[in-house]
Amino acid sequence: MPVGVIYAIVAYSVYSCGDAVIKGFGQDLSVFEIGFFVALFGLIPAAFAKPKGERWRDSFQLGKPLLVHLRSFTGVSSAMLVTVSFTTIPFAETYSLVFLMPLFITVMSVLILRERVDAIRWAMLALGFLGVMLVVRPGFRELEFGHLTALLCAVFGASTTTILRVIAPTEKRVSLIVLPALYIIVINAVLMAPGFVMPTARQFGLLAASGSMVGMGHILLIAATRNAPASQVAPIQYVQIVWAIGLGAFFYSEYPDLLAYIGLGVVVLSGLVNVFIDGARTRIAGRFAEYRARRPSSPTDITEVQGPEI
């Protein structure tokens, strides 16, 4: 097993454990207070993830400041919304709704980035949406506010990813690390101030543990993407579904019914098919480019080699 895949398994597992700790606070602390301390403690391990050749003081030297700040805002909104969901609805249901994010990313890529999406991709996304409906079953049971916030989390998360695809080639990575963290800390600090409740020593310990796990997960995910192709790393995120079922049952006595298990399975299946299709296309394009590069009449500069239109 590639070391990058191992890093990814540990990263997504650590993320899930950090989320489970957040869920344990319930209504004891405000969403803003939880978000503030988790983000604050999350900076500790993230501080070791500074890219080589970049300086922290260059974080505010931005090429596209409007988009960078918009991406930071959508990121903090997504984090707040998912915290509400973790503390109000079952773990597995939160993850199933958040995993609608690829559907929204695809829609945004078509409408905003003008990308082309084939019928197979749309079919798999529709299948994933059907799986989520089996888990949540709107119209057949009462939905809570946490279901809405999880859905909105997916929308804001998709916006964050779409904007990142636009700005990543031109912005410094320290900017993409520091600014979202500052947004989360400052906005949560302002919003938590009116109803601030001093956490107990136990709560401080749990907040520190959750924040550290989030920060460590970030570092491990970076290591995963550096040691394995995206087509191998991306499917590992669905291990969070397994963790959600296990942690929800063990700590919070949440047991999905048969239809929910089927829905979760459909969500995972549709996501894996999408990822493997992308991986196969990437390999085919790479081999085609390599073949053309080896031909006597091929261009000498490898950057001029183009794969087939797909």
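Residues numbered from 1 in each chain as written. Predicted model: local features only at pLDDT ≥ 70, side-chain atom pairs only at ≥ 80, totals over all residues. Heavy atoms only, no water.

**A short note on the overall build of the chain**
Here is the rule: The secondary structure listing takes helices from DSSP runs of H or I that are at least 4 residues long and strands from runs of E that are at least 2 residues long, numbered from the N terminus. Relative accessible area decides the class of each residue, using a 1.4 Å probe on protein chains only: under 20% of the type maximum gives buried, over 50% gives exposed, and in between gives partly exposed. Any two residues whose heavy atoms approach within 4.5 Å are treated as being in contact. Exposure was quantified through the Shrake-Rupley algorithm and a 1.4 Å probe, taking into account, for residues, occlusion by the shown protein chains and nothing else.
Scanning the chain for helices and strands turns up 12 helices and zero strands. In sequence order, the secondary structure elements of the chain are arranged as α-α-α-α-α-α-α-α-α-α-α-α. In the chain, which comprises 310 residues, the share counted as buried stands at 45%. A separation threshold of at least 6 residues defines the contact pool for the chain, and within that pool the share at least 24 residues apart is 85%. Split by element, the accessible area of the chain, about 16,200 Å² in all, is 69% carbon and sulfur.

**Here we look at the UniProt feature "transmembrane region" (unreviewed entry) in the chain**
Short version of the rule: UniProt positions are given in the numbering used here, feature names are shortened, and annotations may be inferred rather than shown by experiment.
Per the UniProt annotation, the sites labelled "transmembrane region" (unreviewed entry) are residues 29–49, 95–113, 120–140, 146–167, 174–198, 204–224, 236–252 and 258–277. Counted over residues 146–167, helix gives 100% and strand 0%. Its end C-alpha atoms are 31 Å apart. In this annotation, residues 174–198 is assigned 76% helix and 0% strand; the end-to-end C-alpha distance for the span is 32 Å.

**Regarding the pattern of salt bridges**
Two side chains bearing opposite charge may form a pair once their charged atoms approach each other closely. What counts is decided by this rule: Note on definitions: salt bridges are taken to be side-chain nitrogens of Lys or Arg within 4 Å of carboxyl oxygens of Asp or Glu.
Applying the stated criterion across every chain yields a total of five salt bridges. The shortest N-O distance in the salt bridge between Arg173 and Glu54 comes to 3.9 Å. You can see Arg173 sitting in helix α8 (residues 173–192) and its partner Glu54 sitting in the loop between α2 (31–46) and α3 (65–86), a full 119 residues away along the chain. The partner of Glu115 in a salt bridge is Arg165, and the shortest N-O contact between them spans 2.4 Å. Taken as a pair, Glu115 in the loop between α5 (101–111) and α6 (119–136) and Arg165 in helix α7 (residues 145–167) lie far apart in primary sequence, 50 residues in all.

**Looking at the side chain of Glu254**
Turning to its location among the elements, Glu254 is positioned in the loop between α11 (239–252) and α12 (258–294). Those residues in contact with Glu254, other than ones at most four positions away along the chain, are Lys23, Ile89, Pro90, Phe91, Ile245, Gly248 and Ala249.

**Side note on the packing of aromatic side chains**
To keep it simple, the criterion reads: Pairing of aromatic rings covers Phe, Tyr and Trp, the last through its six-membered ring, and needs centres within 6.5 Å; plane angles under 30 degrees mean stacked, over 60 mean edge-to-face, and all others mean tilted. We call a charge positioned over a ring when the NZ of a Lys or the CZ of an Arg lies within 6 Å of the ring centre and within 35 degrees of the ring normal.
Evaluation of the coordinates by the stated rule reveals 10 aromatic pairs. Look at Phe86 and Phe91: their rings are 5.5 Å apart centre to centre, the planes differ by 70 degrees, and that puts the pair in the edge-to-face class. We classify Phe86 as buried; its relative accessible area is 3%. On the basis of an interplanar angle of 80 degrees and a centroid distance of 4.9 Å, the ring pair of Phe250 and Phe251 is categorised as edge-to-face. Per residue, the accessibility class of Phe250 equals that of Phe251, and both read exposed. Against the face of Tyr252 rests Lys23, its NZ or CZ located 5.6 Å from the ring centre.

**Focus on the packing of α2 against α8**
Put simply, the rule is: In this description, a line fitted to the C-alpha atoms serves as the axis of each element, helices being fitted only across the stretch in contact, and the angle between N-to-C directions of two axes falls anywhere from 0 to 180 degrees. Helix crossings fall into two classes, left-handed where the near helix is turned counterclockwise from the far one by less than a right angle and right-handed where it is turned clockwise. All amino acids are sorted into three groups, where Ala, Val, Leu, Ile, Met, Phe, Trp, Tyr, Cys and Pro are nonpolar, Asp, Glu, Lys and Arg are charged, and the leftover types, Gly among them, are polar.
Axis separation between α2 and α8 bottoms out at 8 Å; the angle between their running directions is 145 degrees. Crossing hand, α2 versus α8: left-handed. Every residue of α8 that contacts α2 at Val31, Phe32, Glu33, Gly35, Phe36, Ala39, Leu40 and Leu43 is listed here: Ala181, Ile184, Ile185, Asn188, Ala189, Leu191 and Met192. Tallied by class, residues from the contact of α2 with α8 come to 12 nonpolar, two polar and one charged.

**Some remarks on the packing of α2 against α3**
Here is the rule we go by: In what follows, roughly perpendicular refers to angles from 65 to 115 degrees, roughly parallel to angles under 35, roughly antiparallel to angles over 145, and oblique to any angle outside these ranges.
Look at α2 against α3: their axes get within 10 Å of each other, and the N-to-C directions meet at 120 degrees. With respect to α3, the element α2 is oriented oblique. As for how α2 packs across α3, the hand of that crossing is right-handed. Every residue of α3 that contacts α2 at Val31, Phe32 and Ile34 is listed here: Met80, Thr83 and Val84.

**As for the nonpolar core**
In plain terms, the rule: By convention a nonpolar core is built from buried Ala, Val, Leu, Ile, Met, Phe, Trp, Tyr and Cys residues, the set being connected through side-chain atoms within 4.5 Å.
Grouped together as the largest cluster of nonpolar side chains are 42 residues, with contacts concentrated most on Ile34, Phe91, Leu207 and Ile241. With near-sequence residues (within four places) excluded, Leu207 lies in contact with Phe25, Leu29, Ile34, Phe37, Val38, Phe41 and Pro199. By size, the runner-up hydrophobic cluster in this structure holds eight residues, among which are Val5, Ala224, Ala228 and Val233.

**Observations concerning a nonpolar patch on the surface**
Selection rule: Patch membership requires over 30% relative accessible area and the absence of a salt bridge. Like charges are linked within 9 Å, and nonpolar side chains (Val, Leu, Ile, Met, Phe, Trp, Tyr) within 5 Å.
Together, Phe60, Leu182, Val186, Val190 and Leu191 make up a nonpolar patch on the protein surface, roughly 460 Å² of accessible area in all. Along the chain, the position of Phe60 falls in the loop between α2 and α3.

**Remarks on α6**
The following threshold applies: Helices are assigned an expected span. That span is 1.5 Å times one less than the residue count. Each direction from the helix axis to a C-beta atom contributes to the arc, which is the arc of those directions. Counted as a polar contact is a pair of N or O atoms within 3.5 Å, where, for protein atoms, one must be capable of donating a hydrogen and the other of accepting one, and residues adjacent in sequence contribute only when both atoms are in side chains.
Here α6 is 18 residues long and its end C-alpha atoms lie 26 Å apart, about the 26 Å a rise of 1.5 Å per residue gives. Those residues of α6 lying buried are Met124, Leu125, Gly128, Gly131, Val132, Val135 and Val136. With its buried residues spanning 130 degrees around the axis, α6 presents them on a single face. By the N-cap criterion, in which a side-chain oxygen at the helix start approaches the backbone nitrogen of a residue two or three places on, α6 is capped by Asp118, the distance to Ile120 being 3.3 Å. Downstream of α6 by one or two residues, Arg137 has phi in the positive range, about 55 degrees.

**Focus: the layout of surface pockets**
Formally: Using protein atoms alone on a 1 Å grid, points that fit a 1.4 Å probe yet trap it form a cavity, whereas open point sets bounded by protein on both sides within 12 Å along at least five of seven lines form a pocket; residues with an atom within 4 Å of a point count as lining. Grid points are joined across faces, edges and corners, and a volume is the space filled by probe spheres set on the points.
Taken as a whole, the second largest pocket holds about 210 Å³ of empty space. Lining the second largest pocket we find Cys17, Ala20, Val21, Gly24, Phe25, Asp28, Arg202, Gln203, Leu206, Leu247, Phe251 and Tyr252. For the lining of the second largest pocket, the secondary-structure elements that each account for two or more residues are α1 (3–23), α9 (201–227) and α11. Looking at the lining of the second largest pocket, its residues break down into eight nonpolar, two polar and two charged.

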